[in-house]
Structure formats: C-alpha cells, structure tokens
Amino acid sequence: MPNSSSKVIQNFPESLSRLYSGSRYLFAELNVGLGTLLVRLLLNLGKTAVQPWGVQLSLVVARKFAFISAGLLMNYPVSK
C-alpha cells in the first residue's frame, strides 16, 4: 500500500489554491446576491414617477457604498 501521507503533502499547495479560489468565489457570489436583494427591496418602495422613493433611496445607498469603498481602498497599504 503506497504511503498516502506523501501524496497529501505533494497536493497541499494545489488544495490551498483551490480553497482560496473557492472562498473568493463564495464571497463574490454572496455580494452579488445581497446587492440584488437590496435593490429589489428598495425598488419595492416605488419605481415610478408617482412613487419615486425606491429610486431616490437606491441612489443614496449606492453613494454611501461608493464612499465607504473608496475610504477603505484609500487606507489600504500599498508597497512598492
């Protein structure tokens, strides 16, 4: 019977790479889903000229997310 622990050690970097890619994909899909849910909830408040609250609130929420993201990226350390 071949030594299975040596096979595990040989495949360890590849499995770490797969784990990283899978977790990155999970968070990306989670963000897409939450964004879609947030937009649908906001547009349920109104999306016509008679009831513009959903559209107006979605613009405010989008602006806040953009400024928060810009602030986080400005504080990210970049080494040259």
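Reading the values: rules and limits
- Residues numbered from 1 in each chain as written.
- Predicted model: local features only at pLDDT ≥ 70, side-chain atom pairs only at ≥ 80, totals over all residues.
- Heavy atoms only, no water.
- Helix = DSSP H or I, 4+ residues; strand = E, 2+ residues; numbered from the N terminus.
- Buried < 20%, exposed > 50% of the residue type's maximum accessible area, 1.4 Å probe, protein only.
- Areas by Shrake-Rupley, 256 points an atom, 1.4 Å probe, with all protein chains shown as cover.
- pLDDT = per-residue confidence, 0-100.
- Patch = residues over 30% accessible without salt bridge, like charges linked within 9 Å, V, L, I, M, F, W, Y side chains within 5 Å.
- Salt bridge = Lys/Arg side-chain N within 4 Å of Asp/Glu carboxyl O.

As for the overall build of the chain
When you go through the chain residue by residue, the secondary structure sums to three helices and zero strands. Beginning at the N terminus, the succession of helices and strands in the chain can be written as α-α-α. When the 80 residues of the chain are sorted by exposure, 5% land in the buried category. In the structure as shown, the chain presents an accessible area of about 7,600 Å², 68% of it carried by carbon and sulfur atoms.

Things to note about the confidence of the model for the chain
Across the chain, pLDDT averages 85, with 86% of residues at or above 70. The element-level mean pLDDT for the chain is lowest in helix α1 (residues 4-10), coming to 62, with helix α3 (residues 53-74) highest at 92.

With respect to a nonpolar patch on the surface
A surface patch of nonpolar side chains, about 500 Å² in accessible area, is lined by Phe27, Leu30, Leu34, Leu37 and Leu41. Checked against the element boundaries, leucine 37 lands in helix α2 (residues 12-43).

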